[in-house]
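Results of the structural survey
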Amino acid sequence: MWEYTDKVQDHFINPRNVGEIEDADGVGNVGSIACGDALRLTIKVDENQVITDAKFKTFGCASAIASSSMLTEMLKGMKLEDAKRLTNDDIARALGGLPKEKMHCSVMGREALEAAIADYTGAILPMAQGEVVCECFGVTDLEIIRAIRENALTSVEDITNFTKAGGGCGKCEGKLRALLTETMAGEAGQPTGVAKKKRMTTLEKIKKIEEVVEREIKPTLKKDGGDIRLIDVDGDFVTVSLRGSCANCHSSQTTLKEYVERKLREQVLESLIVEEDK
Amino acid sequence: MAVLPEQVIYMDNNATTRIAPEVLDAMMPYLTQFYGNPSSMHTFGGQVGQAISQARQQIADLLGADPGEIVFTSCGTESDSTAILSAIQSFPEKNHVVTTRVEHPAVKNLCDNLEIFTGRKYHVTRLPVAADGTLDMQRYRESLTDDTAIVSVMWANNETGVLFPVEEMAQIARERGVLFHTDAVQAVGKVPINLRETAIDFLSLSGHKLHAPKGIGVLYVRKGTPYIPFMNGGHQEHGRRGGTENVASIIGLGRACALAAEKMEEENTRVRALRDKLEQGLLSTVPKALRNGHPTQRLPNTANISFEYVEGEAILLHMNQLNICASSGSACTSGSLEPSHVLRAMGVPFTAAHGSIRFSLSIYNNEEEVDFVLARMPDIITKLRALSPFWEDK
């Protein structure tokens, strides 16, 4: 069973902005029924270059529907310029995160948005011009390189999670590995992908840490009779105090590093260091 | 947070079943008072050995086998691995295995990776199936060669319930001098089996599919069949499978097999009627709904229905809101990106494969539950189709 956040479940059960804008200014169609998910996004843009309305139709799983619904909510009232900069990570984060294997659903949202904007401005989508690497899902090298750069991907498995490439027959695995090595080498010397992402403000960071502790870490520890309290966040240092059965547990250091720190690094910031308040 | 059994409509019995109350009753003494080791010399332990013998007899009775042909394992997967690896090690000069494209991962993935396990290259013939999930017997006959070490073909398919004619296939294999294994995990307890009258050499079964606990399986090994153990160790199971017996679960499985024999008729009458009502109801009330699998050559409890132009995980999550438990062959439920290998082998089009739902019933289901599901499914599908960009033009 997938672990979906409450936000994902809410947007899946009660999707917002379902349908099609009749006299849309931009239409974006991505995905296909063979691939298992597809999205049609329609947008309305006013004379001030502001998106006034957005609607969607999606064939796909819960996270595909939720990503589409969330995307339309984010777009309404957004300047076209800002919409152009929206990343798949922004969509996933607005949903409180997606399971790793479902990140491609957020990528589909971003791709539909780009297609809709290109349809509006009359631009040609550069991504579609690349060379198809994964024939099962029709993914081009340009799409793969972009996903590697934008999401700081480090493995072929990551590429599959984000773009679906390699998730079918698996014949393109060698090509994916080559693209990964090339792209990562190209990125070296430059700021890393993680750092390149929009910098998180301290406030955002604390909120996000709090959210992950409350939503994920605490319930898990409580299952074993333990508990955790967030004491302080100072730069990358997160201070917590372990309680309940965790407090006297000889493997509490393992819990701290292997579980708490790993979770926070995965979901908030790669550079976080978790310490115990003694 | 927890969902209690009395709140759910459980139609996922091909995934696992509830432990029958009679089975639990039979097990309890062996989880509490009678904790002795059946290998011990003292009566306290030895009496447990007698209880195991009785369970072995109950299992043999359901299968039409001798108790000496029953080997206890930890699960269906272990039984499958034991049978296939035993056969190929017994015939090191042979390098060919015959199976089908629709096997459970327990057999499929083993056959895909034989080289890793054995360090030798194997040629694997994976027999195709027709659109209704049935096998072409002529192709099967032609696939057998002098190099074939073993045939492994499931008795009933876990996704569609389609039955393969394994008794006839085993006979053909024997005539060619080839060992025959069947993964009968879904079939045992639902269809009559009498191994004495067949040429089947190995048969796998799993306790938790027939109202016994998880963690207990059986491999039937026909007397005289060459055999090399998968797990070595103590003298348990006459050296055919080392490791202290999972006593309580063995007792439970024995009781479950006796119970299955008693309930076989109900399974094939009342449960079949419930399944048929559910299936017919869904096919007639939901437009563009299709049955996957042969209409009659099938388990009595399984209905696999595709709802075109919607995605299975989304359907399951809506059903989950109503506490209806079922499964899907969609890509998204498994973490893989492609829909079920079984439906793809049958050539089910993508429009339908992604939207397949498997309902699998048991003797614990009733008509009220079927009526509830029938009343609620059309709305779920309509709701999701309203979201689907592919539905409008249909």
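Scoring rules and cut-offs
- Residues numbered from 1 in each chain as written.
- Chains lettered and ligands numbered in written order.
- Predicted model: local features only at pLDDT ≥ 70, side-chain atom pairs only at ≥ 80, totals over all residues.
- Helix = DSSP H or I, 4+ residues; strand = E, 2+ residues; numbered from the N terminus.
- Rg over C-alpha atoms; globule rule 2.2 N^0.38 Å.
- Buried ≥ 20, exposed ≤ 12 C-beta atoms within 10 Å, placed from the backbone.
- Contact = placed C-beta atoms within 7 Å.
- Pairing = 2+ DSSP bridges.
- Axes fitted to C-alpha atoms, helices over the stretch in contact; angles between N-to-C directions.
- Domains from an automatic or database assignment.
- Nonpolar A, V, L, I, M, F, W, Y, C, P; charged D, E, K, R; others polar.
- Expected span 1.5 Å × (residues − 1).

1. As for the overall build of chain B
Each helix and strand counted, chain B has 13 helices and 13 strands in total. At 22 Å, chain B has a C-alpha radius of gyration in line with the 21 Å of a compact globule built from 394 residues. Seen through its C-alpha atoms, chain B measures out along the principal axes to roughly 70 × 55 × 35 Å. In chain B, which comprises 394 residues, the share counted as buried stands at 52%. Taking contacts inside chain B between residues at least 6 apart in sequence as the whole, the part at least 24 apart equals 73%.

2. Thoughts on the overall build of chain A
Looking only at helices and strands, one finds 11 helices and 8 strands in chain A. Taking 2.2 N^0.38 as the reference for a compact globule, 278 residues should give roughly 19 Å; the C-alpha atoms of chain A span a radius of gyration of 20 Å, in line with that estimate. A principal-axis box enclosing the C-alpha atoms of chain A has dimensions of 65 × 40 × 35 Å. Counting across all 278 residues of chain A, residues that qualify as buried make up 39%. Contacts spanning at least 24 positions in sequence make up 55% of the contacts within chain A whose residues lie at least 6 apart.

3. Focus on the sheet that holds strand β3 (residues 51–59) of chain A
Strand pairs in the sheet, formed through backbone hydrogen bonds, run parallel or antiparallel to each other. Residue and element names in this part refer to chain A. Taken together, the 3 strands give an open sheet; going across it, the order is β1-β2-β3, and neighbouring strands pair in antiparallel fashion. Looking at the sheet topology across the chains shown, the edges are occupied by β1 (26–32) and β3. The sheet shows a mean angle of 10 degrees between the axes of neighbouring strands, taken without regard to direction. In this structure, β1 lies alongside strand β2 (residues 37–45), joined through 7 bridges in antiparallel fashion. By the bridge assignment for β2, Val-27 is matched with Thr-42.

4. So, the domain arrangement of chain B
Residue and element names in this part refer to chain B. Each assigned domain of chain B is listed with its residue range as follows: domain 1 (5–17 + 264–387) and domain 2 (21–259). The C-alpha-based centres of domain 1 and domain 2 are spaced at 28 Å. Of the residues lining the interface, 23 residues belong to domain 1; the matching set on domain 2 comes to 24 residues. Contributions of two or more residues to the side of domain 1 that touches domain 2 are made by α8 (247–285), β10 (302–307) and α11 (341–345). Per-class residue counts for the side of domain 1 that touches domain 2 are 6 nonpolar, 14 polar and 3 charged.

5. Thoughts on the domain arrangement of chain A
When the domains of chain A are assigned, the result is domain 1 (6–121), domain 2 (127–196) and domain 3 (202–276). A C-alpha centroid distance of 33 Å is found between domain 1 of chain A and domain 3 of chain A.

6. Here we look at the sheet that holds strand β4 (residues 123–127) of chain B
Residues and elements named next belong to chain B. Reading across from one edge, β2-β8-β7-β6-β5-β3-β4 is the order of the 7 strands in this open sheet, with mixed pairing throughout. The sheet is open, and its two edges are formed by β2 (70–73) and β4, each paired on a single side. Going from strand to strand, the sheet's axes swing by 20 degrees on average, the running direction of each strand aside. The strands touched by helix α7 (residues 166–175) within the sheet are β5 (148–152) and β6 (179–183), with β6 carrying the most contacts at an inclination of about 160 degrees.

7. Considering the pairing of strand β6 (residues 226–234) of chain A
Residues and elements named next belong to chain A. When β6 meets strand β7 (residues 237–244), the two strands line up antiparallel, connected through 8 bridges. When the sheet's bridge partners are listed, Leu-230 is paired in β7 with Val-240. Once β6 ends, the chain turns through 2 residues before running back antiparallel as β7, passing Gly-235 with a positive phi of about 60 degrees.

8. Digging into helix α10 (residues 202–223) of chain A
Residue and element names in this part refer to chain A. Between the first and last C-alpha of α10 there are 31 Å, a value that for 22 residues agrees with the 32 Å anticipated at 1.5 Å per step. Along α10, the residues classified as buried are Ile-209, Val-212, Val-213, Ile-217 and Leu-221. Of the surrounding secondary structure, the elements contacted by the buried residues of α10 are β6, β7 and α11 (252–267).

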